[in-house]
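Given next are the chains, with one letter for each unit.
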Amino acid sequence: MNAQSSDGPVPGSPDAAGYATSSVPDPVAKSPRPPAGRHRQRVAAIIPAKDESRRIAETVRAARAIPHVDLVLVVDDGSDDNTQDVAREAGAVVVRHSHNRGKAAAMETGAAVVGMRDVADRAARLLLFIDGDLSGSAVNTAPLIAPVLEGVADIAIALLPPQPGAGGRGIVVGAARRGIHRLTGWTPTQPLSGMRCMTRQAFEAATPLARGWGVETGMTIDLLRQGYVAVEVPCDLRHRASGTDLKGQMHRAAQYRDVQMALAARRTRAAVGAVTGRG
Ligand SMILES: O=c1ccn([C@@H]2O[C@H](COP(=O)(O)OP(=O)(O)O[C@H]3O[C@H](CO)[C@@H](O)[C@H](O)[C@H]3O)[C@@H](O)[C@H]2O)c(=O)[nH]1
Ligand SMILES: O=C(O)[C@H](O)COP(=O)(O)O
């Protein structure tokens, strides 16, 4: 977490509620607060999943137990295993890409399907993105909902505890963190964290999403540059961390490539915007 500056709180410092927000003091979401009517605000859990048959059932069951969640949608991103059947049996609504299109595309598909199930006379569901490999710990994404419901932030991002077996050296994380800081002034602690709850309005403002593993980095930049407010919220989650083996290193190389692509596109856009006055 960032240090406080002597001039007062800086973006990224914990605010009064203990959250690290991109906007201080007294963060107020840009998205309108859902009307406090007779209906309770609903939340859709969207789970992008590629070859997650070993963990998806527990993840789905945990997501179903989260307060406010009335729809758990698994987007099977062209799995080679039986992720879709296991997810359906566990109680999820399942849609499937016929071939693998990457995590960002699965998120877009998920949000589109939820939109088709929202109804005109009720507030659009909040979107809670959850990775398929969280198993039972997925229930601990629940604290991401409150800051968005309460209008403190437009997007709440999970801060994970240290993960057993994680073999990262901070190269991808560091590149994403510095890139986000350079374009927004905010320094997220865990810029790649994919567990995120957001308003429909914020999601639409972040589309089109950056491809593949660049999605979180691109989304954070695009939202903050438009005045949306982000907050990082500690959540006790356990996921399948990438190790130091060849597979882990290949995965990080792909993450690095996608993060750099997301950053390059946004740097160019910012530079063009600075010249044209439409940044
Ligand atoms: O082509 C793919 C690959 C993965 N996934 C799913 O995306 C999620 C995240 O993938 P994972 O393999 O767990 O990646 P990690 O390296 O653990 O991902 C970290 O870093 C990513 C950004 O690089 C974030 O998206 C993740 O939330 C964060 O946990 C999982 O549900 C996958 O099943 C897809 O939907 N399509
Ligand atoms: O293992 C991780 O945390 C991610 O794959 C990112 O890798 P990094 O630690 O090299 O940034």
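The rules behind the values
Residues numbered from 1 in each chain as written. Chains lettered and ligands numbered in written order. Predicted model: local features only at pLDDT ≥ 70, side-chain atom pairs only at ≥ 80, totals over all residues. Heavy atoms only, no water. Helix = DSSP H or I, 4+ residues; strand = E, 2+ residues; numbered from the N terminus. Rg over C-alpha atoms; globule rule 2.2 N^0.38 Å. Buried < 20%, exposed > 50% of the residue type's maximum accessible area, 1.4 Å probe, protein only. Contact = heavy atoms within 4.5 Å. Areas by Shrake-Rupley, 256 points an atom, 1.4 Å probe, with all protein chains shown as cover. Near = heavy atom within 4 Å. Polar contact = N/O pair within 3.5 Å; in protein donor to acceptor, adjacent residues only side chain to side chain. Nonpolar A, V, L, I, M, F, W, Y, C, P; charged D, E, K, R; others polar. UniProt positions renumbered as here; feature names shortened; annotations may be inferred. Axes fitted to C-alpha atoms, helices over the stretch in contact; angles between N-to-C directions. Parallel < 35°, antiparallel > 145°, perpendicular 65-115°, else oblique. Pairing = 2+ DSSP bridges. Salt bridge = Lys/Arg side-chain N within 4 Å of Asp/Glu carboxyl O.

Draft legend 1. Molecular detail of the overall build of the chain. Regarding its fold elements, the chain presents 8 helices and 8 strands. A compact globule built from 279 residues would reach a C-alpha radius of gyration of about 19 Å, and the chain, at 18 Å, matches this within 12%. Taking the principal axes of its C-alpha atoms as reference, the chain extends roughly 55 × 55 × 35 Å. Out of the 279 residues in the chain, the part that is buried amounts to 52%. If you take every contact in the chain between residues at least 6 apart in sequence, the share linking residues at least 24 apart comes to 75%. With the model as given, the accessible surface of the chain reaches about 12900 Å², and the carbon-plus-sulfur share is 53%.

Draft legend 2. Geometry of the site of ligand 1. Around ligand 1 there are 20 residues in total, and Glu52, Asp77, Asp131, Glu216 and His251 lie nearest to it. Interatomic distance of 2.7 Å between a backbone N/O atom of Pro48 and an oxygen atom of ligand 1. For ligand 1, an oxygen atom lies 3.3 Å from a polar atom in the side chain of His239. The protein chains hide 90% of the 690 Å² of surface that ligand 1 would expose on its own. At the level of elements, strand E2 (43-49) and helix H8 (246-276) are the ones that each hand at least two residues to the shell around ligand 1. For the shell around ligand 1, the class distribution of residues is 4 nonpolar, 8 polar and 8 charged.

Draft legend 3. Quick peek at the UniProt feature "domain: Glycosyltransferase 2-like" (unreviewed entry) in the chain. Those places that UniProt annotates as "domain: Glycosyltransferase 2-like" (unreviewed entry) correspond, in this numbering, to residues 45-157. Taken end to end, residues 45-157 is 32% helix and 23% strand, and its two terminal C-alpha atoms sit 14 Å from one another.

Draft legend 4. Examining the packing of helix H5 (residues 171-184) against H8 more closely. For the pair H5 and H8, the least separation of the axes is 9 Å and the interaxial angle reads 10°. As judged from the angle between their axes, H5 and H8 are roughly parallel. Across from Ile171, Val172, Ala175, Ala176, Gly179, Ile180, Arg182 and Leu183 in H5, the residues of H8 making contact are Arg252, Gln255, Tyr256, Val259, Gln260, Leu263, Arg266, Arg267 and Ala270. Partitioning the contact of H5 with H8 into residue classes produces 10 nonpolar, 3 polar and 4 charged.

Draft legend 5. Focus on the site of ligand 2. Around ligand 2 lies a shell formed by Gly168, Arg169, Gly170, Ile171, Val172, Val173, Arg252 and Gln255. In the model, an oxygen atom of ligand 2 is placed 3.1 Å from a nitrogen or oxygen of the Ile171 main chain. Broken down by secondary-structure element, the contributors of at least two residues to the shell around ligand 2 are H5 and H8. Of all the elements, H5 adds the most residues to the shell around ligand 2, at 3 residues. Of the residues in the shell around ligand 2, the class split is 3 nonpolar, 3 polar and 2 charged.

Draft legend 6. Broad picture of the environment of Gln201. Relative to the elements of secondary structure, Gln201 occurs in helix H6 (residues 200-205). Between the alpha carbons of Gln201 and Gly132 there is a distance of 24 Å; along the sequence they are 69 residues apart. Apart from residues no more than four positions distant in its own chain, Gln201 is found in contact with Lys30, Ser31, Pro32 and Tyr228.

Draft legend 7. Region of the structure containing the sheet that holds strand E5 (residues 126-129). Ordered by their spatial adjacency, 8 strands build an open sheet running E1-E8-E6-E7-E5-E2-E3-E4, and the pairing between neighbours is mixed. Of all strands in the sheet, those with a lone pairing partner are strand E1 (20-21) and strand E4 (93-97), marking the two edges. The pairing of E2 with E5 spans 4 bridges and is classified as parallel. Residue pairing across strands places Ile46 opposite Phe129, the latter belonging to E5. Where helix H1 (residues 56-64) meets the sheet, its contacts fall on E2 and strand E3 (69-77), and the angle it forms with E3 comes to roughly 155°.

Draft legend 8. Just the pattern of salt bridges, in detail. The final tally for this structure, using the stated rule, is 17 salt bridges. For the salt bridge of Arg238 with Asp236, the shortest nitrogen-to-oxygen distance reads 3.1 Å. Classification of Arg238 by relative accessible area gives partly exposed; the value is 41%. Judged by relative accessible area, which is 43%, Asp236 ranks as partly exposed. Between Arg257 and Asp258 there is a salt bridge, with the nearest N and O atoms lying 2.9 Å from each other. Under the relative-accessibility criterion, Asp258 is labelled buried at 9%. By sharing partners, the salt bridges in this structure join Arg42, Asp70, Asp118 and Arg125 into a single network.

Draft legend 9. Structural context of the pairing of strand E6 (residues 155-159). Among the 5 residues that make up E6, 5 are buried, leaving the element largely enclosed by the rest of the structure. Pairing analysis gives 3 bridges linking E6 to strand E7 (residues 196-198), with the strands arranged antiparallel. Within E7, the position partnered with Ile155 by the bridge is Met198. Where E6 lies against strand E8 (residues 230-234), 5 bridges are found, and the strand directions are parallel.

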